[in-house]
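# Structural characterization, general
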Amino acid sequence: MGMGEIIIISLIIGGIVEMVKYHGGIDFILNIIKSKVKNKRGTEFGIGILVSLVDICTANNT
């Protein structure tokens, strides 16, 4: 029973990620961050924002 729940959650998350990618959500976020980056320090800050955003979303879903 436990494995069935994990499979269902994996399928749902995979579908949601594909819909976001298809509709340009990931590109939208990357374009916003790229437009703000001007130097090496800004690039590091942008990477930190992306990592934090993914961490918050992952922790929120678990």
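All of these numbers come straight from a predicted model, not from anything done at the bench.

Across its full length, the protein carries three helices and zero strands. Reading the protein from its N terminus to its C terminus gives the helix and strand order α-α-α. In terms of overall size, the protein is more extended than a compact globule, its C-alpha atoms giving a radius of gyration of 15 Å where 62 residues would be expected to give roughly 11 Å. Dimensions of the protein along its principal axes, counting C-alpha atoms only, are 50 × 25 × 15 Å. Expressed as a percentage of the 62 residues in the protein, the buried residues total 5%. Within the structure as shown, the protein displays about 5,600 Å² of accessible surface, and the carbon and sulfur contribution to it stands at 70%. Across the protein, the centroid of the 6 positively charged side chains sits 16 Å from that of the 5 negatively charged ones.

Let's shift gears to the pattern of salt bridges. A full pass over the atoms with the stated rule returns two salt bridges. Of the charged contacts, one joins Glu18 and Lys21 as a salt bridge, the two residues approaching to 3.6 Å between their closest N and O atoms. One end of the pair, Glu18, and the other, Lys21, are both in helix 1 (residues 2-22), three residues apart, so they sit about a helical turn from each other. With relative accessibility at 47%, the residue Lys21 sits in the partly exposed group. Arg41 is paired through a salt bridge with Glu44; the nearest N and O atoms lie 3.7 Å apart.

About the criteria used
Residues numbered from 1 in each chain as written. Predicted model: local features only at pLDDT ≥ 70, side-chain atom pairs only at ≥ 80, totals over all residues. Heavy atoms only, no water. Helix = DSSP H or I, 4+ residues; strand = E, 2+ residues; numbered from the N terminus. Rg over C-alpha atoms; globule rule 2.2 N^0.38 Å. Buried < 20%, exposed > 50% of the residue type's maximum accessible area, 1.4 Å probe, protein only. Areas by Shrake-Rupley, 256 points an atom, 1.4 Å probe, with all protein chains shown as cover. Lys, Arg positive; Asp, Glu negative; His and termini not counted. Charge placed at Lys NZ, Arg CZ, Asp CG, Glu CD. Salt bridge = Lys/Arg side-chain N within 4 Å of Asp/Glu carboxyl O.

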